[in-house]
Amino acid sequence: MPAPSITFAGLPSGARTAIEAEIGSILRIEDVSAGLNSSLSALAHTAGGVVFLKGLRAEHRWVWTQQREADINPHVTPLAPRLLFHVIAGGWDLLGFEAIDGHHADYSPGSPDLPKVTGALKELAALPCPGIELRLAEQRLAGYMADPADTEAFAGDALLHTDWNNHNVLITHDRAHLVDWGWATRGAAWLDPAHWVIWLIAAGHMPAAAEETVAFLPAWALAPSRAVDAFADASANLWEEIAGSAPDDWTVNLLNAARLWQQHRSNRS
């Protein structure tokens, strides 16, 4: 379930005051569509520039993702926008980031954004995994596996983003930036390209073409075929759970993409 959205004006006065204490007087607010993992999503225009704000209620079950983003940020800039502040005030957990003036990545076949996203994947793969608390890929996926022993192939020491929703990838003139690091994970380096494959299929690529798009990533080249098969199976089960009994168009699209890839992998066996 998405986090319930709120506008900046709807925040308690104590939360708004705490934000302005960090970034100065706000001249103008742009409330933007919140993502699934954030209730507050807004651009604050100040005399010093534009700040992207995101937040969750302090008692929300996902509030730990706010701390995760704060902890990981020094380790992932400039791939990610720089964190400017993290405060808890007025019953809200709030983050402020440098705003990125770019557009959401277009994953469709032939998109000029694809090479920049590939570049971001290479850049991420080159980063050392920081010694902070992170979820483990083998644990996150264990509940979606027919054979729990297959999760061993997902273990590793690579830093993974894992949420390749195109809204989490902002494209500027020279590169791709990754945002929303709340679900950062430690695991096998090939898993991020594998996560992206499903989003590529959802954007219109056939499964073989999606795999060709990631084929030259060094991490993908090292992926054991059987492990990729297992990941495709787990992903189909995961998206089936997310879709539930009354899925919306967005989740149906991702579920169909995951199933299509699962079938593709099965046919290769």
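Just above, that's the structure.
K.L.:
Can you lay out the pattern of salt bridges for me, pointing to particular residues and giving the numbers?
P.N.:
Enumeration over the complete set of coordinates arrives at 9 salt bridges. Note that Arg175 and Glu123 form a salt bridge whose closest N and O atoms lie 2.6 Å from each other. Of this pair, Arg175 sits in the loop between β9 (169-171) and β10 (176-178) while Glu123 sits in helix α3 (residues 114-125), and the two are 52 residues apart along the sequence.

K.L.:
Explain the side chain of Thr251 to me, and be specific about the residues and the numbers.
P.N.:
Mapped onto the elements of the fold, Thr251 is located in helix α9 (residues 249-268). Here the side chain of Thr251 touches Asp248 through a polar contact of 2.8 Å, side chain to side chain. Residue contacts for Thr251: discarding those within four places in its chain leaves Ile242 and Ala243.

K.L.:
Any details on the sheet that holds strand β5 (residues 92-98)? Residues and values, ideally.
P.N.:
The strand order across the open sheet built from 5 strands is β1-β2-β3-β5-β4, with neighbouring strands paired in antiparallel fashion. For this open sheet the edge positions go to β1 (26-31) and β4 (83-89), each flanked by a neighbour on one side alone. For this sheet, the mean inter-axis angle between neighbouring strands, taken without regard to orientation, is 25°. Across 5 bridges, the pairing between β1 and strand β2 (residues 40-46) is antiparallel. Bridging from a neighbouring strand, Ile26 pairs with Thr46 of β2. Along the sheet face, helix α1 (residues 13-23) touches β1, β2, β3 (49-57), β4 and β5 and points at about 150° away from the line of β4. Packing against the sheet, helix α2 (residues 64-76) makes contact with β3, β4 and β5, and its axis sits at approximately 35° to β5.

K.L.:
So, the sheet that holds strand β8 (residues 158-160): which residues are in play, and what are the values?
P.N.:
Strands sit in the order β7-β11-β8 across an open sheet of 3 strands; the sheet is mixed. In this open sheet, the two strands that pair with only one neighbour each are β7 (135-136) and β8. Of the pairings in the sheet, the one linking β7 to strand β11 (residues 185-187) comprises 2 bridges and is parallel in character. Within the sheet, the bridge partner assigned to Leu136 lies in β11 and is Arg186.

K.L.:
Describe the nonpolar core, with residues and values.
P.N.:
Within the largest apolar cluster, 58 residues are counted, with the highest numbers of intra-cluster contacts made by Tyr107, Trp164, Trp181, Trp190, Trp196 and Trp261. If sequence neighbours within four positions are ignored, Trp181 has contacts with Arg68, Glu69, Ile72, Val76, Leu79, Ala80, Leu124, Leu159 and His161. In terms of nonpolar packing, the next biggest core, distinct from the first, is built from 18 residues, Phe8, Ile19, Ala42 and Phe85 among them.

K.L.:
Outline unusual backbone geometry, supporting the account with residue identities and numerical values.
P.N.:
Looking along the chain, the bond that leaves Thr77 and enters Pro78 is cis, with omega of 10°. Considering the arrangement of structural elements, one finds Pro78 in the loop between α2 and β4. Even without being glycine, Thr162 reaches a positive phi, approximately 80°. For Thr162, the location among the structural elements is in the loop between β8 and β9. You can call Thr162 buried: its relative accessible area is 10%. Positive phi is not limited to glycine here, since Asp180 has a value of about 60°. Mapping Asp180 onto the fold places it in the loop between β10 and β11.

K.L.:
Mind laying out the packing of aromatic side chains, listing which residues take part and the relevant values?
P.N.:
What the rule picks out here adds up to 9 aromatic pairs. Taking 6.1 Å as the distance between ring centres and 65° as the angle between the ring planes, the aromatic pair formed by Phe231 and Trp261 counts as edge-to-face. Residue Phe231 is found in helix α8 (residues 225-243), and its partner Trp261 is found in helix α9; the two are separated by 30 residues along the sequence. With respect to burial, Phe231 and Trp261 carry one shared label: buried. Chaining the aromatic ring pairs together yields one cluster made of Phe154, Trp190, Phe231 and Trp261.

Conventions and cut-offs
Residues numbered from 1 in each chain as written. Predicted model: local features only at pLDDT ≥ 70, side-chain atom pairs only at ≥ 80, totals over all residues. Heavy atoms only, no water. Salt bridge = Lys/Arg side-chain N within 4 Å of Asp/Glu carboxyl O. Helix = DSSP H or I, 4+ residues; strand = E, 2+ residues; numbered from the N terminus. Polar contact = N/O pair within 3.5 Å; in protein donor to acceptor, adjacent residues only side chain to side chain. Contact = heavy atoms within 4.5 Å. Pairing = 2+ DSSP bridges. Axes fitted to C-alpha atoms, helices over the stretch in contact; angles between N-to-C directions. Core = buried A, V, L, I, M, F, W, Y, C linked by side-chain atoms within 4.5 Å. Buried < 20%, exposed > 50% of the residue type's maximum accessible area, 1.4 Å probe, protein only. Phe/Tyr/Trp six-rings, centres within 6.5 Å; stacked < 30°, edge-to-face > 60°.

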